[in-house]
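For reference, the chains in residue letters:
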Amino acid sequence: MSPSCHCGSAATPLREPGVRKVVLVGSPNVGKSALFNRLTGSYVVVSNYPGTTVEVSRGKCRLGADEIAVEDTPGMYSLLPITEEERVARDILLDGQADAVLHVVDAKNLKRMLPLTLQLAEAGLPVILVLNMIDEAERLGIRIDEAILEAKLGVPVVATSALTGRGLDRLRERIAAYHRVDRLAEVYYGEACEGALQVLEPAVPEGSVSRRALALLLLQGDERLGERLGPQGGDVEKVRQAALRDLERAGEKPPSYAIPLRLHEEAALLCADAFRAPESRRRTWAERLSGWTMNPITGVPILALVLYYGLYKFVGGFGAGTVVDFLEGHVFEVYLNPWVNGLLAAYVPWEPVRELIGMEYGVVTLGIRYAIAIILPIVGTFFIAFSVIEDSGYLPRLAMLVDRVFKRIGLNGRAVIPMTLGFGCDTMATMVTRTLETTRERVIATVLLALAIPCSAQLGVILGMMAAEPAAMGVWAGFVALVFLFVGFLTARLLPGEPPVFYMEVPPLRLPRPGAVFLKTYTRMQWYFLEILPLFLLASVLIWLGKITRVFDATVAGLSHVMGWIGLPGDAAVAFLFGFFRRDYGAAGLYDLQQAGALTGNQLAVAAITLTLFVPCIAQFLMMKKERGLKQAVAIGGFVFAFAFLMGGLVNGLLNVLGVQL
């Protein structure tokens, strides 16, 4: 009888006494998060692109009588880290608390992923190799001999499909029965490297992983590892430098090149015995389409189609148009708001209480109306569109397509992930900037997210407002894109640092799976209701407080002068004041003005540009503080505030001077 797995998530970072611990590691896009969900029952976003699992997810399951703690680490390609995420995952392994390390690999790309398995085995970690997506591999005609792999690697091997649950019972059995092996696997790295290892290994202190593994990382230039060695780090560094000088004098290739090369050669030898690809295979339509998406000549039109149908038609037209019109104009305006205000007028004699719940700015008539009738349909349709794009494997191809442009603004193609996520939620995207390699890239990406990337709700409202004003939409889109490139270009030249290097796994292109799209959308909708909806209610209460203390009216009066300077009616000040709480809240305020016919085409373009560039919402500001520190967060917020109104005034002046009427 196989051990059973019962669910329950936890967020306890330290190992609990008497509780065994299982750690999931592996490259991005191999289904680690889906496997984590299968083991613990706690769903985290299953990403089809690198970088979604930006924090360590923790949960628990029960195997027979034993309770097991399970950790899902950020994606990593090697024990030698490049990004902060890989460093986090590597450090978890070096902490040595794992009773079993599940190295999850994509069975279709076994040869490319086995080098990490070899590193883990050589480190003496209790590895179980999980050949995930085995069903997809078999559909392609790939055959893998698990017994041969197990014999040659000296670690348990289990084939699974986390999406369908295939092989999970056997995996649980192997975890329950797992015991560390005394014999360590070793790869021969050639005479020169082996000589350097013999010199360096004795100098490395005993740790949770083998001395040989630590010495290999040090020879490849792992500077952070030296910091972990404590007081002995200085002596080890002297020995390392001497070993490297000897290799250089002997004319040998640098260990940072020779060691990964040998690991890949060893992986190829293993696959020669255990991995069978189909002898002949015709190039599929998916592979052809994959190539077209990354070629600038065909990729740009494909991107335009994705944006047009995915964002403009589905989110802007259907979500922000059809669904919002029904909920806002029918359900709330015709039925719910008059009913609530009628009840309050009939049964609540205290005016402040009536205004808190209903009337013009009440929790129900404004906060819930904005959150449910205007923002929810837009966010929901965006999450569906984004989940479809994400699960198809298009995002990594988009990263390849825009890499050259992004390098001009100090980023690389990898930054397309936080930038694209920003169109969903800038707060989430700011957190994902940690997947970028250098601090310089993270700062540039944070500035651009705070300034020129509208979140899904804000974008949807703006698209909905401008659907009937294509000229104003063209001015808005062109100017915001120009600001994005100009500020990125300027920031890249002001911030010191080396140009970024780009690498990324490109998973197979496939039809989105309905189950995965549903789960991703559901998870994000759950996040919206739990974390964003309360902010709308809080904002309504703060506005109510501002109204009864007259702070709200004084602030609106002050902002009205700024509105006049950028050519907007004084009533627009209310929308910008809402924008202090959430940018989408402000966009919803502009939506009301536009629906009331209070904005001309020129004013619509100026208002949309200024609000798009406006200060980050409270949640994004707090995330900026967490990721970049208080000083940088305040500096970015102050710059964005002044820059937004400056650009609004500039656009208004240009339109007037040129005599343009949109």
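Residues numbered from 1 in each chain as written. Predicted model: local features only at pLDDT ≥ 70, side-chain atom pairs only at ≥ 80, totals over all residues. Heavy atoms only, no water.

### Quick word on the sheet that holds strand β5 (residues 127-132)
Within the open sheet, the six strands sit side by side as β2-β3-β1-β4-β5-β7. Their pairing is mixed. Two strands close off the open sheet at either side, each with one partner strand: β2 (57-63) and β7 (157-159). Adjacent strand axes in the sheet meet at a mean angle of 25° when their direction is disregarded. One ladder, built from five bridges, connects strand β1 (residues 20-25) with strand β3 (residues 66-72); its direction is parallel. Paired with Val-22 across the strands is Val-70, a residue of β3. Contacts between helix α6 (residues 168-176) and the sheet are confined to β1, β2, β4 (100-106), β5 and β7, with β7 contributing the most and set at about 160° to the helix. (Pairing = 2+ DSSP bridges. Helix = DSSP H or I, 4+ residues; strand = E, 2+ residues; numbered from the N terminus. Axes fitted to C-alpha atoms, helices over the stretch in contact; angles between N-to-C directions. Contact = heavy atoms within 4.5 Å.)

### Quick word on a nonpolar patch on the surface
A contiguous nonpolar surface patch, about 310 Å² in accessible area, is contributed by Leu-538, Leu-542, Leu-545 and Ile-548. Its location among the elements puts Leu-538 in helix α22 (residues 514-549). (Patch = residues over 30% accessible without salt bridge, like charges linked within 9 Å, V, L, I, M, F, W, Y side chains within 5 Å. Areas by Shrake-Rupley, 256 points an atom, 1.4 Å probe, with all protein chains shown as cover. Salt bridge = Lys/Arg side-chain N within 4 Å of Asp/Glu carboxyl O.)

### Looking at helix α26 (residues 601-612)
In an α-helix, one full turn covers 3.6 residues, which means residues spaced three or four apart are oriented alike. The end-to-end C-alpha distance of α26 is 16 Å, a good match for the 16 Å that twelve residues give at a rise of 1.5 Å each. Among the twelve residues in α26, twelve count as buried, and that is most of the element. Of the residues making up α26, those classed as buried are Gly-601, Asn-602, Gln-603, Leu-604, Ala-605, Val-606, Ala-607, Ala-608, Ile-609, Thr-610, Leu-611 and Thr-612. (Expected span 1.5 Å × (residues − 1). Buried < 20%, exposed > 50% of the residue type's maximum accessible area, 1.4 Å probe, protein only.)

### Brief notes about the pattern of salt bridges
Tallied over the full model, the rule gives 25 salt bridges. Between Arg-240 and Glu-237 there is a salt bridge, and its shortest N-O distance comes to 3.0 Å. Of this pair, Arg-240 and Glu-237 both sit in helix α10 (residues 233-249), three residues apart, roughly one helical turn. With relative accessibility at 11%, the residue Arg-240 sits in the buried group. Glu-237 gets classed as partly exposed once you look at its relative accessible area, which sits at 31%. One network of salt bridges, in which partners are shared, links Asp-106, Lys-108, Glu-136 and Arg-510.

### Brief notes about the packing of helix α19 (residues 439-452) against helix α28 (residues 630-657)
For the pair α19 and α28, interaxial distance at closest approach is 10 Å and the crossing angle is 40°. With respect to their mutual orientation, α19 and α28 come out oblique. The way α19 lies across α28 gives a crossing that is right-handed. On the side of α19, the interface is formed by Val-443, Thr-446, Val-447, Ala-450 and Leu-451, while α28 contributes Gln-632, Ile-636, Phe-639, Val-640 and Phe-643. Residues of the contact of α19 with α28, tallied by class, amount to eight nonpolar, two polar and no charged. (Parallel < 35°, antiparallel > 145°, perpendicular 65-115°, else oblique. Left-handed = near helix turned anticlockwise from the far one by under 90°. Nonpolar A, V, L, I, M, F, W, Y, C, P; charged D, E, K, R; others polar.)

### Overview of the pairing of β1
The element β1 is extensively covered by neighbouring structure, given that five of its six residues are classed as buried. With four bridges joining them, β1 and β4 adopt parallel strand pairing. For Val-23, the partnering residue across the bridge sits in β4 and is Val-101.

### Things to note about the pairing of β2
It is a general feature of regular strands that their side chains alternate between the two faces of the sheet. Burial analysis of β2 places five of its seven residues in the buried class, the great majority of the element. In the sheet, β2 pairs with β3 via seven bridges, with the strands oriented antiparallel. The residue bridging Ser-57 from the neighbouring strand is Asp-72, located in β3. Counted between consecutive antiparallel strands, the loop separating β2 from β3 contains two residues, among which Gly-64 sits at a positive phi close to 65°.

### Here's the deal with the environment of Cys-193
Structurally, the position occupied by Cys-193 is in helix α7 (residues 191-200). A sequence separation of 153 residues divides Cys-193 from Thr-40, and the C-alpha atoms of the two residues are 42 Å apart. If we ignore the near neighbours within four places in the chain, the residues touching Cys-193 are Leu-219, Leu-247, Ala-258 and Ile-259.

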